[in-house]
Amino acid sequence: MPDHDSPLLEGLNPAQRDAVSTVDGPVLVVAGAGSGKTRVLTHRTAHLIRDHGVSPFEILAITFTNKSAGEMAQRVSGLVGSAMGDRMWVTTFHKACVRILRRELTRLGYRSGFTIYDAQDSNRLIAQLAKQLGVDDKRLAPRAIQSAISNAKDELIDFETYKQRAGGWPEIQIAEVYEAYQDRLFKANALDFDDLIVKTVELLQLFDPVLEHYQRRFSHLMVDEYQDTNRAQYHLVDLLSGGHGNLMVVGDPQQGIYGFRGATIKNIVDFETDHPDAEVIVLDRNYRSTQTILDAANGVIARGAVKRRAELWTDRGQGAAVVRYHADDEHDEAAFIAEEAEKLRSDGVDFDDIAIFYRTNAQSRVLEDVFIRVGLPYRVIGGVRFYERKEIKDVLAYARVLANPDDDVSVRRIINMPRRGIGDRTIEALDWHARREGVTFLAACRDAEHVQGLAARAVSAVTSFVDLLDLLRTELQQELSTPDLIERIWDHTGYMQELHADRTIEALGREENLRELKSVAQEVQERTGGGLGEAGLGAFLESVTLVSDQDQLEDAEAEEGRVTMMTLHTAKGLEYPVVFLVGLEDGVFPHVRSLSEPLQLDEERRLAYVGMTRAQDRLYLTHADHRTLWGGTSFNPPSRFLEDVPEELVDLRGASRGGSAAKRVRDIEMLEMGGTEFHVGDGVMHTKFGEGRIAALSGEGEKAEATVDFLDHGRKHLMLAYAPLVKVD
DNA sequence: GTGCTGGCGAAAAAT
DNA sequence: TCGCCAGCAC
């Protein structure tokens, strides 16, 4: 079918049509915010399949998060049928690499079933190695070493090269740790996040048959958010598309916000020099925001260093002015948002349509405090992640050791967790033995009785640890399901019992988290077809390793009627009718640590641009006169980005102009506090747990606590001063 | 080896 | 403000 007749081109603007119908050769799509690039990507994919006879099997589409991958796959399926859509690879860089590595990594000498170390695991290992190598952690922190190594990997610099280039201190020490780190990762049969990309590139470079296989396999590649790819990813894409050159990259240099982890717009620049024949298509028509919002955002980005290729425009009309609110402090800022959110709702805006973006995760705290007090429902995306919580990592570490006994980092994590009398000295002796004998840490544990310097008590403690693992392993081999395995882990280790005995609110939360982990395992099992034993465990561990913050939104979408909060970085790619951008003060946003670095400052500016362009109808920019930062009060001037928003677009409001929102909230609160007294037997309502009845009361004043039996959530202990609890009858 | 306490230092974004 | 670690008592 000739391109111009395809129904898949209907309803697209001319630039979008170009992008969809240019199916062969290199294509660069510069897609401004809200310019319908997801539409372009999905229609182009469907067009390839339906009108050009490309098998979905031959299409590789790289997205930034699992969430956007899922959405894209779903939308393509909607256009061409799910039988087709399901056969494509629509996935993130990291997941695509894992899929390739699962098949090919043994070529590099690894054993099958490798483990993926997250940033925390790799930090532990680096700290341990740095200590062994005599690095003074006061002068050179493990974190700094970790980030140096990670940066090197982002640029495909291996430790040999790093070593050669190392001029003096601290590079020489970093090089030593880098080498030891790679050695230990290899022995543990583990890869860190960066290695997933690096090792895939290495495989494609070293083994022609592998390269040819994947080049043939994927006849058409598409990469989204190209401005946020790093050099390693650039080379990966270059290798994979090298045979046929059918590569479309989509990005916007003005939205590049991941420079700190190696992303560089050099990739986009190089794309045009590497492919002089590349078709360049600019999408500058915005379908998301009002002209006022676009003008405000354009004002900010115009002062940036990145040369602009197009200025966004829309025919949506002017819309409401951008509201700039000058708060007294961060409490007032939060109170203003709460008030405004209520007002918007009475005008028919759902809480779901409202989002708050901040520069740092810590800023959510005050917002949450105030929202809880005024009873405004909210959800926070990101922050301390579920899979980074201590109890989750502990239980997962057991699971990981069962899947890969060579995983030293995990073994060391759990050897004394829960406490079984194995202290630092014992661990050191075991480690020493392992290194001398050239065996893994767990092998040293098995050989505890021959380890020098271990007391009889230590030997028996270590032996019982090994026995415990063996017991779990035997059970696993009897085709135990992963959810059951998780339960066995917390039973046999006594982990759950210990938490239960604690009876603090914190411990209760941890218990809940562990149960949540079990239900995640249940879901994974249902989704992946219910593998048991080791196979099921492998599938589970894989699925919990590469989750991104935005993936939380999928679960959160089920919970309606809440204002959403997240960092500006997490907000990338999303859109909301109403957006509050908070903390617009020099030192908060832009962040202090960027103020003296022009490149970083420019990235902050792009971040502001990203944040502002998420808004569809209304944009609020707030800043506080003073706020508590780092334990003291700081007076920060309004953000320099505010100066760049054209004055005529702005509706100025502030504490001095209409009274402080914080004060009004405090007044309401005083009234409510005075008016509410709880009694045993009272019916109550909680924003999260729903209906319940008070079973007991204890403590006084600030410390007053209620024990409440909730209909759906069982018994909870709540601090009355903080709990979003109201009386009902 | 464990558990508590006080002092100190750090404090950005994330697959 | 918080989290981590050293130092100390048990």
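Here the structure is shown first, and the text comes after it.
Quick notes on the rules
Residues numbered from 1 in each chain as written. Chains lettered and ligands numbered in written order. Predicted model: local features only at pLDDT ≥ 70, side-chain atom pairs only at ≥ 80, totals over all residues. Heavy atoms only, no water. Near = heavy atom within 4 Å. Polar contact = N/O pair within 3.5 Å; in protein donor to acceptor, adjacent residues only side chain to side chain. Nonpolar A, V, L, I, M, F, W, Y, C, P; charged D, E, K, R; others polar. Buried < 20%, exposed > 50% of the residue type's maximum accessible area, 1.4 Å probe, protein only. Helix = DSSP H or I, 4+ residues; strand = E, 2+ residues; numbered from the N terminus. Pairing = 2+ DSSP bridges. Phe/Tyr/Trp six-rings, centres within 6.5 Å; stacked < 30°, edge-to-face > 60°. Lys NZ or Arg CZ within 6 Å of the ring centre and 35° of its normal. Axes fitted to C-alpha atoms, helices over the stretch in contact; angles between N-to-C directions. Parallel < 35°, antiparallel > 145°, perpendicular 65-115°, else oblique. Left-handed = near helix turned anticlockwise from the far one by under 90°. Contact = heavy atoms within 4.5 Å. 1 Å grid on protein atoms, 1.4 Å probe; cavity = no way out; pocket = protein on both sides within 12 Å on 5 of 7 lines; lining within 4 Å. Points joined across faces, edges and corners; volume = space filled by probe spheres on them.

### As for the protein's contact with DNA strand B
No. 1: The full set close to DNA strand B counts 26 residues, and R359, R385, R419, Q600 and W630 are the nearest of them.
No. 2: Taken together, the sugar and phosphate atoms account for 53% of what DNA strand B places within 4 Å of the protein.
No. 3: The separation between a base nitrogen of DNA strand B and a polar side-chain atom of R359 is 2.6 Å.
No. 4: Taking D549, its main chain carries an N or O atom lying 3.0 Å from a phosphate oxygen of DNA strand B.
No. 5: Each residue belonging to the surface near DNA strand B can be placed in one class, and the counts come to five nonpolar, 13 polar and eight charged.

### Topic: the pairing of strand β6 (residues 220–223)
Moving residue by residue along a regular strand, the side chains alternate between the two faces of the sheet.
No. 1: The alternating pattern of β6 places H220 and M222 and L221 and V223 on opposite faces, both of which are buried.
No. 2: Judged from the four bridges that link them, strand β2 (residues 59–63) and β6 form a sheet pairing that is parallel. Looking at β6, one finds that A61 is bridged to M222.
No. 3: Note that β6 and strand β7 (residues 247–251) share three bridges and pair parallel. Paired with V223 across the strands is V249, a residue of β7.

### Quick word on the packing of aromatic side chains
No. 1: Taken as a whole, this structure holds 15 aromatic pairs when the rule is applied.
No. 2: Aromatic ring contacts, followed pair by pair, group Y325, F336, F580 and Y620 into a single cluster.
No. 3: When the ring centre of F114 is taken as reference, the NZ or CZ atom of R102 above it lies at 3.9 Å.
No. 4: The side chain of R261 reaches across the aromatic face of Y258, ending 4.1 Å from its centre.

### Quick notes on the packing of helix α24 (residues 505–527) against helix α25 (residues 533–545)
No. 1: Two numbers describe how α24 lies on α25: the axes approach to 10 Å, and their chain directions differ by 110°. Taken together, α24 and α25 sit at an angle that is classed as roughly perpendicular. For the pair α24 and α25, the sense of crossing is right-handed. Along its contact with α24, which presents L517, V520, A521 and V524, the element α25 presents A539, F540, S543 and V544.

### Considerations on empty space enclosed by the protein
No. 1: This model, assessed by the stated rule, comprises eight cavities of 30 Å³ or more.
No. 2: By volume, the largest cavity amounts to about 100 Å³.
No. 3: In terms of lining residues, the largest cavity is bounded by 15 residues, among which V30, G32, D252, Q254 and A310 are the most central.
No. 4: Residue composition of the lining of the largest cavity, grouped by class: seven nonpolar, two polar and six charged.

### Here's the deal with the sheet that holds strand β1 (residues 27–31)
No. 1: With parallel pairing, the six strands of this open sheet are ordered in space as β3-β2-β6-β7-β1-β8. Because the sheet does not close on itself, it has two edges, and the strands there are β3 (89–92) and β8 (279–283). Each adjacent strand pair in this sheet contributes to an overall mean axis angle of 15°, direction not counted.

### Focus: the packing of helix α22 (residues 482–493) against α25
No. 1: At a minimum axis distance of 9 Å, the contact between α22 and α25 shows a crossing angle of 85°. Relative to α25, α22 is oriented roughly perpendicular. Where α22 approaches α25, its residues T482, L485 and I486 are matched on the opposing element by G536, L537 and F540.
No. 2: Residue composition of the contact of α22 with α25, by class: four nonpolar, two polar and no charged.

### Let's talk about the side chain of T22
No. 1: Within the secondary structure, T22 is located in the loop between α1 (14–21) and β1.
No. 2: Taking the relative accessible area as the measure of exposure, T22 reaches 16% and is therefore buried.
No. 3: Reaching out from T22, the side chain makes a polar contact with the backbone oxygen of D18 at a distance of 2.6 Å.
No. 4: Discounting chain neighbours no more than four positions away, the residues touching T22 are V27, R44, E279 and I281.

### A look at unusual backbone geometry
No. 1: Here the residue pair M417 and P418 is connected by a cis peptide bond, since its omega of 0° sits within 30 degrees of zero.
No. 2: As for its position among the elements, P418 is in the loop between α18 (408–414) and α19 (424–437).
No. 3: In this model, F589 is joined to P590 through a cis peptide bond whose omega is 5°.
No. 4: A positive phi angle, close to 60°, is found at L156, a residue other than glycine.
No. 5: By secondary structure assignment, the location of L156 is in the loop between α7 (142–154) and α8 (159–165).
No. 6: Here L156 falls in the partly exposed class, since its relative accessible area comes to 26%.
No. 7: The backbone phi angle of E225 is positive, close to 50°, even though this residue is not glycine.

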